[in-house]
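# Architecture and fold: a report
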Amino acid sequence: QVHLVESGGGSVQSGGSLRLVCVISGYEFSNYYMAWFRQAPGKEREAVAAIATDGDTVYADSVKGRFAISQDHAKMSLYLQMNSLKPEDTGSYYCAAAFNSGGRGLRTLLAGEGYWGQGTQVTVSS
């Protein structure tokens, strides 16, 4: 019953910016962990950025200083602001959510479990 829908992807040149949006429905738990993942063609899915209910964030080293994850509880939305985009940022971006009881939210998502959206494509050309 939990649904996540991503939008905001597109094609940009290197150095450009995009803002991804994930709208969440049916998620009633107050303690959660949410994240953005991406998967490039022929490569394994990787975590990009994550945020807990209290606002604590974590980023992949490759995107630190360039990407920013945020949330709007009133709008039931998760955002990923991507600046200074590079060709290696190209891929399908997915938002995901998991219960964070016992602080296991991130581990749940890293295992490929929890709730996932269908993805939005980001293409960065040089």
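You'll find the structure just up there.
To start, this report covers the structure provided alongside it. The structure presented is a predicted model; accordingly, all values stated were derived computationally and were not measured.

### Let's talk about the pairing of strand β4 (residues 32–39)
Residues in a regular strand project their side chains so that they alternate between the two faces of the sheet. Within β4, 7 of the 8 residues are buried, which leaves it mostly tucked inside the rest of the structure. Inspection of the sheet shows β4 paired to strand β9 (residues 91–99) by 8 bridges, in the antiparallel sense. Bridging from a neighbouring strand, Q39 pairs with S92 of β9. As judged from the 6 bridges shared by β4 and strand β5 (residues 46–52), these two strands associate in the antiparallel manner. Its bridge partner lying in β5, R38 is registered against E46.

### Brief notes about the environment of T90
Along the chain, T90 falls in the loop between β8 (77–82) and β9. It is 29 Å that separates the C-alpha atoms of T90 and N100, two residues lying 10 residues apart in sequence. A polar contact is formed between the side chain of T90 and the backbone oxygen of P87, at a distance of 2.9 Å. In this structure the side chain of T90 is engaged in a polar contact, spanning 2.9 Å, whose partner is the backbone nitrogen of V124.

### Remarks on the state of the cysteines
Summed over all chains, the structure comprises 1 disulfide. C22 shares a disulfide with C95; S-S distance 2.0 Å. As the torsion about the S-S bond is roughly 60°, the C22-C95 disulfide counts as right-handed. Taken as a pair, C22 in strand β3 (residues 18–25) and C95 in strand β9 lie far apart in primary sequence, 73 residues in all. Of the two residues, C22 and C95, neither departs from the other in class, the shared state being buried.

### Focus on unusual backbone geometry
The backbone phi angle of M76 is positive, close to 50°, even though this residue is not glycine. Its place among the elements puts M76 in the loop between β7 (67–72) and β8. Positive phi, normally seen in glycine, also occurs at S84, with a value near 50°. Mapped onto the fold, S84 is located in the loop between β8 and β9.

### As for the side chain of R66
Topologically, R66 is positioned in the loop between β6 (57–59) and β7. With relative accessibility at 11%, the residue R66 sits in the buried group. A polar contact of 2.9 Å, which involves the side chain of R66, links it to the backbone oxygen of S62. With residues up to four places along the chain from it excluded, the contact list for R66 reads Q81, M82, N83, S84, L85, K86 and D89.

The rules we used
Residues numbered from 1 in each chain as written. Predicted model: local features only at pLDDT ≥ 70, side-chain atom pairs only at ≥ 80, totals over all residues. Heavy atoms only, no water. Buried < 20%, exposed > 50% of the residue type's maximum accessible area, 1.4 Å probe, protein only. Helix = DSSP H or I, 4+ residues; strand = E, 2+ residues; numbered from the N terminus. Pairing = 2+ DSSP bridges. Polar contact = N/O pair within 3.5 Å; in protein donor to acceptor, adjacent residues only side chain to side chain. Disulfide = S-S within 2.5 Å. Contact = heavy atoms within 4.5 Å.

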